[in-house]
Amino acid sequence: MTNLPQGWEIKRLDDITEIQIGKTPSRNNIDFFQGENIWLSIRDLKSKFVSFSSEKISNEAILKTNMKIVPKGTLLMSFKLTLGKTAFAGCDLYTNEAIAAIFIKDKNINKYFLDYALKFTDLEKYVDNAVKGKTLNKQKLRQIEVPIPPLKEQERIVGILDESFAKIDESIKILEQDLLDLDELMQSALQKAFNPLKDDTKENYQLPQGWEIKKLDDIAEIQIGKTPSRNNIDFFQGENIWLSIRDLKSKFVSFSSEKISNEAILKTNMKIVPKGTLLMSFKLTLGKTAFAGCDLYTNEAIAAIFIKDKNINKYFLDYALKFTDLEKYVDNAVKGKTLNKQKLRQIEVPIPPLKEQEQIASYLDELSLNIKALKENYKTQIKDYEELKKSLLKKAFEGRL
């Protein structure tokens, strides 16, 4: 900041704090991760005060790794890949090497004010561009500059921001729950559509008259995509759409994050997937579906499903696959949630007469569109609230709050 309010000054973290970096015990010793000690990674920084971790470590891990404890109440900040995510230790705990524990040594600094100051600071300007990814080191952390007003003003700003952010966060929490409720609504609709008799039997539940269970192998041909060799960069310099799971973002897909050349298609002997074909992911992320929005190609984690039975509506089959529990077809001997072509063929789906398929698909299409519109509205509101928080921080650090 070039124009500070009167009485404010710029201070480096090195001048007002001590910084402690966490550690990760060796993954080669599974006993290190069988303990009861809270050990935070960035994904655990989900709230203002954190006292839960997705992984816990043993006393032996702490001793052998020479880890230092982070006392309850300490300000924490992520500084690798995800920059500037902050929280306070809700109990005595430990952290990994991507989180800095910030101990304030200047009695004229309010730790809650410093939290807001770090949220306001552009940390990316301290990133070493020679290092892959957005990452700071301890030396860079010490150089971070923050605007500091007198203690009384810090406390006043914290009071206003705490109250405002609490109200905003509550509104965001309600919207996030609304988004979850919409997902549950779709799941409930699928359950009613494909189990109209409300049979609670997990396997071989009762079907309405005229319905039958069919295997994918009986009604469709399955084509698996391929990945060209990464050793030839020219293979990925073309204009041909080539989908990976992350590209299955909408009902009709005609964009890919990577494209491939004609040479890649020829050398890899890849088969085209015509426009309108039903697609489904079957490796690691199971059952993500979409339709080809144009002629395209896919990698080996996506199956193209060509319907060979004229009495099957492809849009109905899409919803039937969304309803089906694909995990029961997973080979547990294989690492990760993955199906092979043989398992794909064995997938069973409930099939009513064609007319009823069309009616169900039409109803679910309309519901899906309405849910999508509501989701977009809720997400826009959440984004607006996040922007409001940024606006309040800007006012606070320009002395206009």
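Read on for an overview of the structure.

**Structural notes on the overall build of the chain**
Reasoning step 1: Per the secondary structure count, the chain includes 10 helices and 20 strands.
Reasoning step 2: Taking the principal axes of its C-alpha atoms as reference, the chain extends roughly 80 × 45 × 45 Å.
Reasoning step 3: Counting all 401 residues of the chain, 44% fall into the buried class.
Reasoning step 4: Carbon and sulfur atoms make up 48% of the accessible area of the chain, which totals about 22400 Å².
Reasoning step 5: The distance from the centre of the 63 positive side-chain charges to the centre of the 57 negative ones in the chain is 3 Å.

**Considerations on the pattern of salt bridges**
Reasoning step 1: Applying the stated criterion across every chain, the model contains 30 salt bridges.
Reasoning step 2: Its salt-bridge partner being Asp 183, residue Lys 375 comes within 2.5 Å of it at the nearest N-O pair. Of the two residues, Lys 375 is situated in helix H10 (residues 354-397) and Asp 183 in helix H5 (residues 151-194); the sequence distance between them amounts to 192 residues.
Reasoning step 3: A relative accessible area of 22% places Lys 375 in the partly exposed class.
Reasoning step 4: Beyond isolated ion pairs, a larger network of salt bridges with shared partners links Glu 9, Lys 11 and Asp 106.

**Thoughts on the side chain of Thr 86**
Reasoning step 1: In this fold, Thr 86 is placed in strand S7 (residues 82-89).
Reasoning step 2: Assessed through its relative accessible area of 10%, Thr 86 is described here as buried.
Reasoning step 3: If we skip the residues at most four places from it in the chain, Thr 86 touches Ser 47, Leu 75, Leu 76, Met 77, Asp 115 and Lys 119.

**Concerning the packing of H5 against helix H8 (residues 314-323)**
Reasoning step 1: Contact geometry for H5 and H8: axes closest at 10 Å, N-to-C directions at 110°. Judged by the angle between their axes, H5 and H8 are roughly perpendicular. Contacts between H5 and H8 involve Met 186, Leu 190, Gln 191 and Phe 194 from the first element and Phe 316, Tyr 319, Ala 320, Lys 322 and Phe 323 from the second.
Reasoning step 2: For the contact of H5 with H8, the per-class residue count stands at seven nonpolar, one polar and one charged.

**Observations regarding the sheet that holds strand S13 (residues 240-243)**
Reasoning step 1: Taken together, three strands build an open sheet; the order of strands is S15-S13-S18 and the sheet is mixed. Edge positions in the sheet fall to strand S15 (258-260) and strand S18 (297-298), since each has one partner strand and no second.
Reasoning step 2: For S13 and S18, the ladder comprises two bridges, and the chain directions are parallel. Bridged to Leu 243 within S18 is Thr 298.

**Focus on the environment of Lys 259**
Reasoning step 1: Topologically, Lys 259 is positioned in strand S15.
Reasoning step 2: Considered as a pair, Lys 259 and Trp 242 are 17 residues apart in the sequence and their alpha carbons are 5.4 Å apart.
Reasoning step 3: Ignoring anything within four residues of it in the chain, the contact list for Lys 259 reads Phe 235, Phe 236, Gln 237, Gly 238, Glu 239, Asn 240 and Ile 241.

**Topic: the side chain of Asn 110**
Reasoning step 1: With respect to the secondary-structure elements, Asn 110 resides in the loop between strand S9 (99-104) and helix H3 (111-120).
Reasoning step 2: Overall, the relative accessible area of 16% leaves Asn 110 in the buried class.
Reasoning step 3: Not counting chain neighbours up to four residues away, the residues in contact with Asn 110 comprise Ile 104, Leu 151, Gln 154, Glu 155 and Val 158.

**Describing the pairing of S9**
Reasoning step 1: Of the pairings in the sheet, the one linking strand S2 (residues 17-21) to S9 comprises five bridges and is antiparallel in character. Its bridge partner lying in S9, Ile 19 is registered against Ile 102.

**Some words on the packing of aromatic side chains**
Reasoning step 1: Summed over all chains, the structure comprises 13 aromatic pairs.
Reasoning step 2: On the basis of an interplanar angle of 45° and a centroid distance of 5.1 Å, the ring pair of Phe 194 and Phe 316 is categorised as tilted. Of this pair, Phe 194 sits in helix H5 while Phe 316 sits in helix H8, and the two are 122 residues apart along the sequence.
Reasoning step 3: On the basis of relative accessible area, Phe 194 is assigned to the buried category, the value being 0%.
Reasoning step 4: An angle of 20° between the planes, with centres 5.2 Å apart, marks the rings of Phe 194 and Phe 323 as stacked. Placement of Phe 194 in helix H5 and of Phe 323 in helix H8 is noted, with a sequence separation of 129 residues between them.
Reasoning step 5: Each residue in the set Trp 8, Phe 113, Phe 120 and Phe 397 is aromatic and connected to the rest through ring pairs, giving one cluster.
Reasoning step 6: The lysine or arginine in question, Arg 27, covers the ring of Phe 33, its NZ or CZ lying 4.3 Å from the ring centre.

Cut-off values and rules
- Residues numbered from 1 in each chain as written.
- Predicted model: local features only at pLDDT ≥ 70, side-chain atom pairs only at ≥ 80, totals over all residues.
- Heavy atoms only, no water.
- Helix = DSSP H or I, 4+ residues; strand = E, 2+ residues; numbered from the N terminus.
- Buried < 20%, exposed > 50% of the residue type's maximum accessible area, 1.4 Å probe, protein only.
- Areas by Shrake-Rupley, 256 points an atom, 1.4 Å probe, with all protein chains shown as cover.
- Lys, Arg positive; Asp, Glu negative; His and termini not counted.
- Charge placed at Lys NZ, Arg CZ, Asp CG, Glu CD.
- Salt bridge = Lys/Arg side-chain N within 4 Å of Asp/Glu carboxyl O.
- Contact = heavy atoms within 4.5 Å.
- Axes fitted to C-alpha atoms, helices over the stretch in contact; angles between N-to-C directions.
- Parallel < 35°, antiparallel > 145°, perpendicular 65-115°, else oblique.
- Nonpolar A, V, L, I, M, F, W, Y, C, P; charged D, E, K, R; others polar.
- Pairing = 2+ DSSP bridges.
- Phe/Tyr/Trp six-rings, centres within 6.5 Å; stacked < 30°, edge-to-face > 60°.
- Lys NZ or Arg CZ within 6 Å of the ring centre and 35° of its normal.

So far we have only geometry, and geometry alone does not tell us how the molecule works.
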